[in-house]
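Structure assessment
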Amino acid sequence: MRKDIIIIGGGASGIMCAIRAKERHPNKNVAILEKQPRIGRKLLSTGNGRCNLTNLSADKHNYHGSFSENISAVLKKYPPEKIIQKFNKIGLLTKMESDGRVYPISNQAASVLDVLRFRLEALGVEVICDCEVKNIVNNSNFFKIITDKGNYISEKIVVSTGTSASPRLGADSRGINILEKLGHKIEQLYPALCPVSVKGGLPASLKGVRAAAKVALFDKDKLIKEECGEVQFTDKSLSGICVFNLATYLRNTKSPIIRISLLSSMSEDKIISILNNQKNIMKDRLCEEFLIGIFQKKLGIALMKSAGISPLSRKVSTLKDDEINALAHLINNWDFNAEKMNDFKNAQVASGGVVGNEINPDTMESRLIKNLFICGEAVDIDGDCGGYNLQFAFSSGLVAGDNL
Ligand SMILES: Cc1cc2nc3c(=O)[nH]c(=O)nc-3n(C[C@H](O)[C@H](O)[C@H](O)COP(=O)(O)OP(=O)(O)OC[C@H]3O[C@@H](n4cnc5c(N)ncnc54)[C@H](O)[C@@H]3O)c2cc1C
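Just so it is clear, the structure is predicted and the values come from calculations on it, not from any experiment.

Concerning unusual backbone geometry
With an omega of -10°, the peptide bond running from Ser310 to Pro311 counts as cis. As for its position among the elements, Pro311 is in the loop between α9 (297-306) and α10 (321-332). You will see that Asn48, though not glycine, has its phi angle at about 55°, which is positive. What makes Asn48 exposed here is its relative accessible area of 80%. Positive phi, close to 45°, is recorded for Leu193, a residue that is not glycine. Structurally, Leu193 can be placed in the loop between β11 (186-192) and β12 (196-197).

Written out as C-alpha cells, the structure is:
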C-alpha cells in the first residue's frame with residue numbers, strides 16, 4: 001500500500017502534524033497509522049480529563065533533555081498563542097487559568113480530541129487504527145513500513161509514537177526502538193512528572209493529607225531544584241504538581257532527599273516564638289492537639305512524632321524547650337529519602353528519546369535520514385507540568401507538517 005505521507009502514531013503530535021501536512025498538500029495521500037483502536041487516547045486523560053493544552057509562559061527554561069537547547073526554534077515558529085489560534089480556527093474555544101495554563105472552555109479533553117478528529121475528517125486524512133508498526137526499512141528513496149496489517153510504502157514518514165509513560169494508556173517504547181534500529185542514538189527513557197516514592201513509606205496516618213509547602217530536591221546536601229505548591233501524601237509517596245516537577249531531576253541525583261518546608265516564609269526563630277505562644281494558649285490540651293491551629297490535625301500529629309515528641313497523650317504544658325526547638329526546625333526541614341524511579345506507570349511523561357543533535361529543529365527532520373521526521377515525546381525533551389508537554393507535542397508536530 002503506497003501513501004505520500006505516513007504518520008506513525010496518532011497522539012497529540014502526530015494528529016497535529018497530519019492536519020498541517022494535509023492542509024499544505026490537499027492532493028496528497030496523508031495517512032496516520034495508530035496501533036490502538038482509536039487515536040488520541042492519552043490526550044483524553046490529560047489535565048485530569050480537562051487537557052491543559054498549552055501554557056502562555058512556555059520558554060526554554062520549562063524544558064529538559066538534549067533537545068531543550070533547540071526548543072526556542074520550535075517555540076518561535078509555534079508559540080503558545082499560535083497553538084491557541086490554531087485550535088480556535090478549528091472550532092475550540094480556550095480559556096487561561098492560573099500560571100498561564102490554557103484549557104478548553106468546555107473543561108473537557110474530549111472537546112480537544114473531537115475538534116482534531118473533525119479537522120482530520122474534513123481534510124480527508126486517512127486514519128488507520130489497530131495497526132501497529134513493527135519495523136521501518138529505509139530504502140534510500142522510500143520507506144517500507146512493516147505493520148501487523150500489512151506493509152506500506154511512503155517517501156516521507158513521521159515517527160510520533162511517544163514514550164512508555166503511562167502504559168495503561170497504551171504507551172510503550174517500541175517506536176523509539178525502531179528509531180534506534182534505524183541508527184538514531186537514544187537517551188535512555190526515565191519516568192518524569194510522577195509521584196516520588198519515599199524509602200520505607202510514609203506514616204499511614206498521613207495518607208490523603210494535602211498541605212501547601214515549599215518542596216526541594218537535594219542530592220545529599222546540594223540543592224537541585226525547589227518548587228512551591230500543594231504536596232499530597234499517599235501511603236508510599238509524595239505527590240502533587242510541585243513534586244512532579246522535582247521528579248524530573250531524580251535521574252541525575254545519587255542520594256535524593258525531598259525536603260518539605262511547611263512555613264517557608266518564616267525563620268526558625270519566628271517559628272519557635274509562635275510555638276511558644278501556642279504552648280501558652282494550648283497549655284491544658286494534649287500534645288496531639290498542639291499544632292491544630294496551624295496544620296491539619298493528621299499532619300500535626302505526624303510532625304510531632306517525627307520530631308520525637310512522645311507520648312502525645314501528655315499535656316502541652318509539659319513540652320520542653322528542646323522539643324519546641326526540634327519541632328520548629330522540622331517544620332521547615334522535613335526530609336524524606338526518595339527512591340530512584342523505574343516505574344513508568346504513574347509518569348505523565350518520560351525523559352529521554354532521540355538525542356537533540358540528530359534532529360533539525362527548523363524542520364523536525366532527522367539529520368541522519370532524509371525524509372524521516374520525528375516529533376513529540378519520542379524526542380529527548382520533556383517539559384514541566386502545566387501544559388508544556390502538549391505545547392511541544394503540538395508545535396513540533398506543526399513544524400514537521402510544515403516541512404513534509
Ligand atoms: C495522565 C496524563 C496527563 C497528562 N496531562 C498533560 C497536560 O494536561 N498537559 C500537558 O502538556 N501534557 C500532559 N501530559 C503529557 C502529554 O500527554 C504527552 O506529552 C503528549 O501526549 C505526547 O504526545 P505524543 O504525540 O508525542 O505521544 P502520545 O500522545 O503518547 O501519542 C503516541 C501515539 O502513538 C501510538 N503508537 C505508539 N507506538 C506505535 C506503533 N509502533 N505503531 C503505531 N502507533 C503507535 C500510541 O498508541 C499513541 O496513540 C499528560 C500525560 C499523562 C499520561
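Read on, since the account is not over.
A few points about the domain arrangement of the protein
Domain annotation for the protein reports domain 1 (2-191 + 350-402), domain 2 (196-263) and domain 3 (268-335). Of note, the centres of domain 1 and domain 2, computed from C-alpha atoms alone, are 31 Å apart. The interface is formed by 11 residues belonging to domain 1 together with 8 residues belonging to domain 2. For the pair domain 1 and domain 2, the summed buried area comes to about 740 Å², and 50% of that belongs to carbon and sulfur atoms.

Some points on the side chain of Ser395
Positionally, Ser395 belongs in helix α11 (residues 388-402). Setting aside chain neighbours within four positions, we find Ser395 in contact with Val74, Leu75, Tyr78 and Ile83.

Quick look at the site of the ligand
Ser13, Glu34, Gly47, Glu377 and Leu390 are the nearest of the 31 residues found near the ligand. In this structure, Ser13 approaches the ligand through a side-chain N or O atom, which is 2.7 Å from an oxygen atom. One of the backbone N or O atoms of Asn52 is found 2.9 Å from a nitrogen atom in the ligand. Taken by itself the ligand offers 1,000 Å² of open surface, and the protein chains cover 95% of this. Those elements that provide at least two residues to the shell around the ligand are α1 (12-24), α2 (41-45) and α11. Among the elements that line the shell around the ligand, the one with the most residues is α11, at 4 residues. Looking at side-chain class alone, the shell around the ligand contains 9 nonpolar, 17 polar and 5 charged residues.

Quick look at the sheet that holds strand β6 (residues 101-104)
Sheets are built from strands paired through backbone hydrogen bonds, the pairs being either parallel or antiparallel. Taken together, 3 strands build an open sheet; the order of strands is β3-β6-β5 and the sheet is antiparallel. On the outer flanks of this sheet lie β3 (54-55) and β5 (94-96), each paired with one strand and no other. Pairing of β5 with β6, which is carried by 3 bridges, proceeds in the antiparallel orientation. Bridging from a neighbouring strand, Thr94 pairs with Pro104 of β6.

Description of the packing of aromatic side chains
Within this structure, the stated rule accounts for 5 aromatic pairs. Ring centres 6.3 Å apart and planes at 85° place the aromatic pair Tyr63 and Tyr388 in the edge-to-face group. Of the two residues, Tyr63 is situated in strand β4 (residues 63-64) and Tyr388 in helix α11; the sequence distance between them amounts to 325 residues. The same class applies to Tyr63 as to Tyr388, namely buried.

A short note on the packing of α1 against α11
Closest axis-to-axis distance for the α1/α11 pair is 7 Å, and the angle between their directions is 30°. Taken together, α1 and α11 sit at an angle that is classed as roughly parallel. Every pair of crossing elements has a handedness; the one defined by α1 and α11 is right-handed. On α11, the residues touching Ala12, Ser13, Met16, Cys17, Arg20, Ala21 and Arg24 of α1 are Leu390, Ala393, Phe394, Ser396, Gly397, Leu398, Ala400, Gly401 and Asp402. Of the residues that constitute the contact of α1 with α11, the class distribution is 9 nonpolar, 4 polar and 3 charged.

Thoughts on the sheet that holds strand β16 (residues 256-261)
Strand order across the open sheet formed by 6 strands is β12-β15-β14-β13-β16-β17, with antiparallel pairing between neighbours. In the strand order of this sheet, the two ends are held by β12 and β17 (334-337), each with one partner. Relative to strand β15 (residues 237-239), β12 is paired through 2 bridges, and the arrangement is antiparallel. Bridge pairing links Ser197 to Ser237 in β15. Sheet contacts for α10: β16 and β17; angle to β16, the most-contacted strand, approximately 110°.

Details of the side chain of Asn332
Inspection of the secondary structure puts Asn332 in helix α10. One polar contact links the side chain of Asn332 to the main-chain carbonyl oxygen of Met266, over a distance of 3.1 Å. Non-local contacts of Asn332, meaning those with residues more than four positions away in its chain, are made with Arg259, Ile260, Ser261, Leu262, Leu263, Ser264, Met266 and Ile271.

Description of the pattern of salt bridges
Going through the model one piece at a time under the given rule, you end up with 22 salt bridges. As a salt-bridge pair, Glu323 and Arg314 come within 2.5 Å of each other at their nearest N and O atoms. In terms of burial, Glu323 and Arg314 fall into one category: buried. Within this structure, Arg20, Glu23, Lys86, Arg119 and Asp402 form a network of salt bridges that share partners.

Calculation criteria
In this numbering scheme, every chain counts its residues from 1 along its sequence in written order. For a predicted model such as this one, the threshold for reporting local features is a pLDDT of at least 70, and the threshold for listing and counting side-chain atom pairs is 80 or more; totals across whole chains, interfaces and linings nevertheless cover every residue. For the side-chain quantities, the full set of heavy atoms in the structure was used; hydrogens and water were omitted. A run of H or I in DSSP counts as a helix once it spans at least four residues, and a run of E counts as a strand once it spans at least two, with each numbered from the N terminus. Type-normalised accessible area, obtained with a 1.4 Å probe on protein chains alone, sets the label of each residue: buried when under 20%, exposed when over 50%, and partly exposed for intermediate values. Each domain's extent was defined by an automatic or database domain assignment. Whether two residues are in contact is decided by their heavy atoms, any of which lying within 4.5 Å being enough. In short, buried area is how much 1.4 Å probe accessible area vanishes from two parts on joining, totalled over both. The criterion for a residue being near a molecule or strand is simple. One of its heavy atoms has to lie within 4 Å of it. A 3.5 Å cut-off defines polar contacts: any pair of N or O atoms within that distance qualifies, except that in protein one atom must be a possible hydrogen donor and the other a possible acceptor, and neighbouring residues in sequence count only when both atoms are side-chain atoms. Every accessible area reported is derived by Shrake-Rupley at a probe size of 1.4 Å, with residue values counting cover from the shown protein chains alone. Each residue is assigned to one class: nonpolar for Ala, Val, Leu, Ile, Met, Phe, Trp, Tyr, Cys and Pro, charged for Asp, Glu, Lys and Arg, and polar for all the others, Gly among them. At least two DSSP bridges between two strands are required for those strands to pair. Pairing of aromatic side chains requires ring centres within 6.5 Å, counting the rings of Phe and Tyr and the six-membered ring of Trp. Pairs whose planes differ by under 30 degrees are stacked, by over 60 edge-to-face, and all others tilted. Comment: axis = line fitted to C-alpha atoms, over the contacting stretch for helices; angle = value between 0 and 180 degrees taken between N-to-C directions. Each angle receives one of four descriptions, namely roughly parallel if under 35 degrees, roughly antiparallel if over 145, roughly perpendicular if within 65 to 115, and oblique otherwise. It is the rotation of the near helix from the far one that decides the hand of a crossing: anticlockwise by less than a right angle makes it left-handed, clockwise makes it right-handed. We count a salt bridge whenever a side-chain nitrogen from Lys or Arg sits within 4 Å of a carboxyl oxygen from Asp or Glu.

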